[in-house]
Amino acid sequence: MGVEETKEAAAAAELDGVAAMSVTRYPVAPGVRVNVRSGPGTQFSVVRILPAGTWVAIRCQTPGQRVTGPYGTTNIWDNIASGEFISDAYVKTGSDGYVAPRCG
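As a convention, each chain's residues are numbered from 1 in the sequence order in which they are written. Local features in a predicted model are, by the rule used here, given only for residues with pLDDT of at least 70; side-chain atom pairs are given and counted only at 80 or more, and totals for whole chains, interfaces and linings are based on all residues. For side-chain calculations, the full set of non-hydrogen atoms in the structure is used, while hydrogens and water are omitted.

**Notes on the packing of aromatic side chains**
Note on aromatic pairs: the rings of Phe, Tyr and Trp (six-membered ring only in Trp) are paired at centre separations within 6.5 Å, and the planes decide the class, stacked below 30 degrees, edge-to-face beyond 60, tilted for the rest. On inspection of all chains with the given rule, the structure shows zero aromatic pairs. Only lysine NZ and arginine CZ atoms are considered, and such an atom sits over a ring when it is within 6 Å of the ring centre and within 35 degrees of the ring normal. In this arrangement the basic side chain of Arg102 is found over the ring face of Tyr98, its NZ or CZ atom lying 3.9 Å from the centre.

**Focus on the state of the cysteines**
A pair of sulfur atoms, both from cysteines and within 2.5 Å, is called a disulfide here. Considering all chains together, one arrives at one disulfide under this definition. One disulfide in the model links Cys60 with Cys103; its S-S distance is 2.0 Å. When the S-S torsion is 95°, as for the bridge of Cys60 with Cys103, the disulfide is right-handed. Of this pair, Cys60 sits in strand β5 (residues 60–69) while Cys103 sits in the segment after β7 (84–87); the two residues are 43 residues apart in sequence, bridging distant segments of the chain. Classification of Cys60 as buried rests on a relative accessible area of 14%. Where helices and strands are cited, they refer to DSSP runs of H or I of at least four residues and of E of at least two residues respectively, numbered from the N terminus. Burial classes follow relative accessibility: with a 1.4 Å probe on protein chains only, a residue under 20% of its type's maximum area counts as buried, one over 50% as exposed, and anything between as partly exposed.

**Focus: the pairing of strand β6 (residues 72–81)**
Of all 10 residues that make up β6, seven are buried, and the element is covered over most of its length. Should DSSP find at least two bridges between two strands, the strands are regarded as paired. By the bridge criterion, seven bridges tie β5 to β6 in an arrangement that is antiparallel. Bridge assignment links Thr62 to a residue of β6, and that residue is Trp77. Relative to β7, β6 runs antiparallel, the two being bridged by four bridges. Paired with Ala81 across the bridge in β7 is Glu84. With antiparallel pairing between neighbouring strands as the criterion, β6 and β7 make up a hairpin whose turn holds two residues, including Gly83 at a positive phi of roughly 70°.

**Regarding the pattern of salt bridges**
Between side chains of opposite charge, a pair can form as their charged atoms come close. Each salt bridge in this description consists of a side-chain nitrogen of Lys or Arg and a carboxyl oxygen of Asp or Glu lying within 4 Å of one another. Scanning the model with the defined rule gives one salt bridge in all. A salt bridge links Glu84 to Arg48; its shortest N-O distance comes to 2.8 Å. Taken together, the positions of Glu84 in strand β7 and Arg48 in strand β3 (residues 46–50) put the pair 36 residues apart, joining distant regions of the chain.

Okay, here's the thing in structure tokens:
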């Protein structure tokens, strides 16, 4: 590996580290175990269950089925991993609107 390639690799690693540090995590409603679904609605299968006290990073958000939870009624669903969605009504984002980019 040449000097320039080494510098580029170091710069890329530094940017990756900054991106990882800048990920915002949000708490799931206290005392609630939340179903993680394969899509943005309760008609989608449950892929896992988040334990109470979990914090999640929201990758993107998308409209879906309207759900009522501890933080109100909303049609916003949070994508927390590939193929994993939870209703924003169960996540304390501090907003009634979108806090992450729309899923594309």
